[in-house]
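# Residue-level structure breakdown
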Amino acid sequence: MRELHFKDNFWNTDITSTAGYDSIIQHLNDGKRTCKEIEDFMKARAAIEEKYAKDLLGLSKKVCGHSEMNTLKRSLDVFKLQTENMSLSHLHLAQTMREEAKKLEDFREKQKEARKRVEQQMDALHKQKGAQYKKTAEAKKTYDQKCRDKEEAEQNMNRNATTSSSKQQEKLYAKTQQAKQTAEEADRIYSQNVSALGKMREEWLNEHVKACEFFEKQEVERINMLRNVVWTHLNHLSQQCVTSDEIYEEVRKSLEQCNVQEDIEHFVNLRRTGDKPPAPVPYENFYNNQRSAGVRSLPTAGRRAAAPPPPTAENDPLYSTVAEPGYSLIRY
């Protein structure tokens, strides 16, 4: 399939028209705007990455598991350290994005300056071509009028050739000759303007072709540049994902070394208070303690035996113990 090019497809049958050229310039201006939009996009993305990096860095400085110990503490320390490393990687990514945006900005400005020279040259040619065409059109208008004047003078002379006097014929002849000379001069001027317009047209055609080739080359470079910039941008994002996963893997490896039983034993060995629980608290009968208060001896080691039942006299009230059925504080 035959390739299409700017130089073959942006002409116009009207010599004064610049529609094809204007269409190319409009397209290039749209492309320049796209470059600026991509550049601003990358700068904004870099700002987001930088803010995220700073937030992560602040988060990594917060207290997290300060009271933990042993393997879990080491894992949490690695977790915080890798969070800080993650923030640094995103900060580096933001800087890389700014550098890519700067490259695109430099490329855009370079193309702008190169285009400016060609556009100025073409604008000057368009003005000269338009002015020459206008001058040629006016010369043709004068030429046409002078030719009509000449024909009218000749016809007038021929009509009066037999009816006018010799003196009148001389005047008519002189007027005819004057009209003829004026027409010839107008023809010469018109011819010169047509020739000048032809040269101007040839020059404009050559420069238009050169400009089209230059603009097409710029467009090829711009499309390739934007394609590569976006591709590189995505490569950086992919690499950031790889870096993030490597950082996460370091934390996972640390968590694999976290031993639950070891941490339990570490805490026990570090903070143990004893391996013997307290003895049960015995029940002590208030009344038994009252009767044995007078004969209480010094306590001996070990558990105390049950108090013996108190002696009873004939008129003493009867006491009972808890172990007896029907126990009550007062018996009637």
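Overview of the structure.

## Looking at the layout of surface pockets
As a volume, the second largest pocket reaches approximately 220 Å³. Along its surface, the second largest pocket is lined by 16 residues, and Leu 56, Leu 59, Phe 79, Gln 82 and Thr 83 are the ones closest to its centre. Among the elements of the structure, helix 2 (19-60), helix 3 (70-159) and helix 4 (166-256) are those that each provide at least two residues to the lining of the second largest pocket. No other element matches helix 3, which puts five residues into the lining of the second largest pocket. The residue makeup of the lining of the second largest pocket, split by class, is 10 nonpolar, three polar and three charged.

## Focus on the pattern of salt bridges
In this structure the tally under the stated criterion is 24 salt bridges. In this structure, Glu 213 engages Lys 7 in a salt bridge whose closest nitrogen and oxygen atoms are separated by 3.4 Å. Taken as a pair, Glu 213 in helix 4 and Lys 7 in helix 1 (residues 6-9) lie far apart in primary sequence, 206 residues in all. For Lys 7, a relative accessible area of 30% gives the class partly exposed. The shortest N-O distance in the salt bridge between Glu 39 and Arg 108 comes to 3.0 Å. Taken together, the positions of Glu 39 in helix 2 and Arg 108 in helix 3 put the pair 69 residues apart, joining distant regions of the chain. Taken individually, Glu 39 and Arg 108 each receive the classification buried, so the pair is uniform in this respect. Linked by salt bridges that have partners in common, Glu 39, Lys 43, Glu 105, Arg 108 and Glu 109 make up one network.

Cut-off values and rules
Residues numbered from 1 in each chain as written. Predicted model: local features only at pLDDT ≥ 70, side-chain atom pairs only at ≥ 80, totals over all residues. Heavy atoms only, no water. 1 Å grid on protein atoms, 1.4 Å probe; cavity = no way out; pocket = protein on both sides within 12 Å on 5 of 7 lines; lining within 4 Å. Points joined across faces, edges and corners; volume = space filled by probe spheres on them. Helix = DSSP H or I, 4+ residues; strand = E, 2+ residues; numbered from the N terminus. Nonpolar A, V, L, I, M, F, W, Y, C, P; charged D, E, K, R; others polar. Salt bridge = Lys/Arg side-chain N within 4 Å of Asp/Glu carboxyl O. Buried < 20%, exposed > 50% of the residue type's maximum accessible area, 1.4 Å probe, protein only.

In short, geometric facts, not functional conclusions.
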